[in-house]
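This is what each chain is made of:
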Amino acid sequence: MKRLCVHTITTKPLSIEQCIEQFAQRQIRGITVWRQAIEGKDLSHVRRQISESGLEIVSLCRGGFFPAVSTDARQKAIEDNLRAIDQAAAIGAPLIVLVCGAVPGMRLSEARKQIADGIAAVLPAAEQAGVKLAIEPLHPLYADDRSAVNTMAQANQICDLLGSPASLGIAVDVYHVWWDDQLQQQIELTGRTNRLFAFHICDWLTPTTDLLNDRGLMGDGCIDIRQISDWVDATGFNGYREVEIFSNRWWSQDQHDFLDRIVSSYQDLYR
Ligand code: ZN
């Protein structure tokens, strides 16, 4: 349990205050805060509530979405990422997860270039704020409009291209990378280069009924989460295992019961 973290999006119907209270009550140790959950909130107050509850803030989700057709829109994306860096610093989040973005119809090579340029543009501000950035490769089914970075290898290439800055790394999410036949080697490489910043868990349901919001509770799907988790730990990673589940089905149910199930499936996975 000491490495269990839950994302606020996982219990989307709950307010940030309810998330803090309910996570802490169940001995969950970490919380990853989604920006929607803190919109319009006094961030220093949220920071204090989290710290008083005993929870550790693991990361802020999310930045990214860099590619755009117009220069103006690209600039707006950079400004939004700078705002995310300020928010992370204000609530005490050491890391921002980047969903890098893609534009339907834009060549993937162009989108990847714009992603690298966008990250390069915001990295100095992140470094100055003491906030790290983690590229999260997304499953190829999102290559059209959510992320043109779809494999660990591509994420590692961007880190290389930008000169391997210490504040840029990768978030490994089992949902997005479980199918990759290079996964073990890429996790090893990511660990060796000190880029493995975060580890997200959930499960892939068969059949998946919604491309975005039908993720499963650990153990309910086909991903060998424990195997991937062991590869991650073999690199020396000892950070949080973050439960990030987007699910219309779970969001329509009682969130307290859902949290109890998250805890028990986590305990089953790591017994
Ligand atoms: Zn994730």
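Below is a short write-up of the structure. In this text, all values refer to a predicted model and were calculated from it rather than measured experimentally. (Residues numbered from 1 in each chain as written. Predicted model: local features only at pLDDT ≥ 70, side-chain atom pairs only at ≥ 80, totals over all residues. Heavy atoms only, no water.)

1. Looking at unusual backbone geometry
Item 1. The linkage connecting Cys61 with the following residue, Arg62, adopts the cis geometry, with an omega of -5 degrees.
Item 2. Along the chain, the position of Arg62 falls in strand 3 (residues 56–64).
Item 3. Omega for the bond connecting Thr206 with Pro207 falls within 30 degrees of zero, at -10 degrees, which places this linkage in the cis form.
Item 4. Following the sequence through the fold, Pro207 ends up in the loop between strand 8 (203–204) and strand 9 (215–216).
Item 5. Of note, the phi angle at Ser164 is positive, near 50 degrees, even though the residue is not glycine.
Item 6. Assignment of secondary structure puts Ser164 in the loop between helix 5 (152–161) and strand 6 (168–173).
Item 7. Of the residues examined, Ser164 reaches a relative accessible area of 40% and is grouped as partly exposed.
Item 8. One non-glycine residue, Asn194, lies in the positive phi region at around 60 degrees.
Item 9. Within the secondary structure, Asn194 is located in the loop between helix 7 (183–192) and strand 7 (196–201). (Helix = DSSP H or I, 4+ residues; strand = E, 2+ residues; numbered from the N terminus. Buried < 20%, exposed > 50% of the residue type's maximum accessible area, 1.4 Å probe, protein only.)

2. Quick word on the layout of surface pockets
Item 1. One number sums up the size of the largest pocket: a volume of about 200 Å³.
Item 2. Where the lining of the largest pocket is concerned, the elements lending two or more residues are strand 3 and strand 7.
Item 3. In terms of residue count, strand 3 provides more of the lining of the largest pocket than any other element does, 3 residues in total.
Item 4. Residues of the lining of the largest pocket, tallied by class, amount to 8 nonpolar, 1 polar and 3 charged. (1 Å grid on protein atoms, 1.4 Å probe; cavity = no way out; pocket = protein on both sides within 12 Å on 5 of 7 lines; lining within 4 Å. Points joined across faces, edges and corners; volume = space filled by probe spheres on them. Nonpolar A, V, L, I, M, F, W, Y, C, P; charged D, E, K, R; others polar.)

3. Side note on the sheet that holds strand 1 (residues 4–7)
Item 1. In space, the 8 strands of this closed barrel follow the order 1-2-3-4-5-6-7-10, with parallel pairing throughout. Put simply, the sheet's adjacent strands are angled 30 degrees from each other on average, direction ignored.
Item 2. The pairing of strand 5 (residues 132–135) with strand 6 spans 3 bridges and is classified as parallel. What sits directly across from Leu133, in strand 6, is Leu168.
Item 3. Contacting strand 5 and strand 6, helix 5 runs over the sheet at an angle of about 170 degrees to strand 6.
Item 4. Packed on one face of the sheet, helix 10 (residues 255–269) meets strand 1, strand 7 and strand 10 (241–243) and runs near 140 degrees to strand 1. (Pairing = 2+ DSSP bridges. Axes fitted to C-alpha atoms, helices over the stretch in contact; angles between N-to-C directions. Contact = heavy atoms within 4.5 Å.)

4. As for the pattern of salt bridges
Item 1. Applying the stated criterion to the full structure yields 13 salt bridges.
Item 2. Here Arg83 and Asp80 are joined by a salt bridge, their closest N and O atoms 3.2 Å apart. Taken as a pair, Arg83 and Asp80 lie in helix 3 (residues 71–91) at a separation of 3 residues, close to a single helical turn.
Item 3. Among the residues examined, Arg83 registers a relative accessible area of 46% and is labelled partly exposed.
Item 4. Judged by its relative accessible area of 27%, Asp80 is partly exposed.
Item 5. Linking Asp160 and Arg195 is a salt bridge whose minimum nitrogen-to-oxygen distance equals 2.6 Å. (Salt bridge = Lys/Arg side-chain N within 4 Å of Asp/Glu carboxyl O.)

5. Side note on the packing of helix 3 against helix 4 (residues 108–129)
The description of two helices packed together rests on the angle between their axes and the distance between the axes.
Item 1. Between helix 3 and helix 4, the shortest axis-to-axis distance is 10 Å and the interhelical angle comes to 30 degrees. In this view, helix 3 runs roughly parallel relative to helix 4, as classed from their interaxial angle. Relative to helix 4, the crossing made by helix 3 is right-handed. Counting all contacts with helix 3, which are made through Arg74, Ile78, Asn81, Leu82, Ile85 and Ala89, the residues of helix 4 involved are Gln114, Asp117, Ala121, Val122, Ala125, Ala126 and Ala129.
Item 2. Residue composition of the contact of helix 3 with helix 4, grouped by class: 9 nonpolar, 2 polar and 2 charged. (Parallel < 35°, antiparallel > 145°, perpendicular 65-115°, else oblique. Left-handed = near helix turned anticlockwise from the far one by under 90°.)

6. Side note on the packing of aromatic side chains
One pair of aromatic rings is described through two measures. These are the centre distance and the angle between the planes.
Item 1. Within this structure, the stated rule accounts for 6 aromatic pairs.
Item 2. Ring geometry for Trp34 versus Phe246: centroids 5.5 Å apart, planes at 85 degrees, classification edge-to-face. A residue pair is termed long-range when its members are at least 10 positions apart, and Trp34 in strand 2 (residues 30–34) and Phe246 in the loop between strand 10 and helix 9 (248–251) qualify at 212 residues. Residue Trp34 shares its accessibility class with Phe246, and that shared class is buried.
Item 3. Ring geometry for Trp250 and Phe258: centres 4.7 Å apart, planes at 10 degrees, overall stacked. Accessibility classification places Trp250 together with Phe258 in one group, the buried group.
Item 4. Connected via pairs of aromatic rings, a cluster forms that spans Trp34, Phe246 and Trp251.
Item 5. Just above the ring of Tyr175 sits the side chain of Arg215; from NZ or CZ to the centre is 4.4 Å. (Phe/Tyr/Trp six-rings, centres within 6.5 Å; stacked < 30°, edge-to-face > 60°. Lys NZ or Arg CZ within 6 Å of the ring centre and 35° of its normal.)

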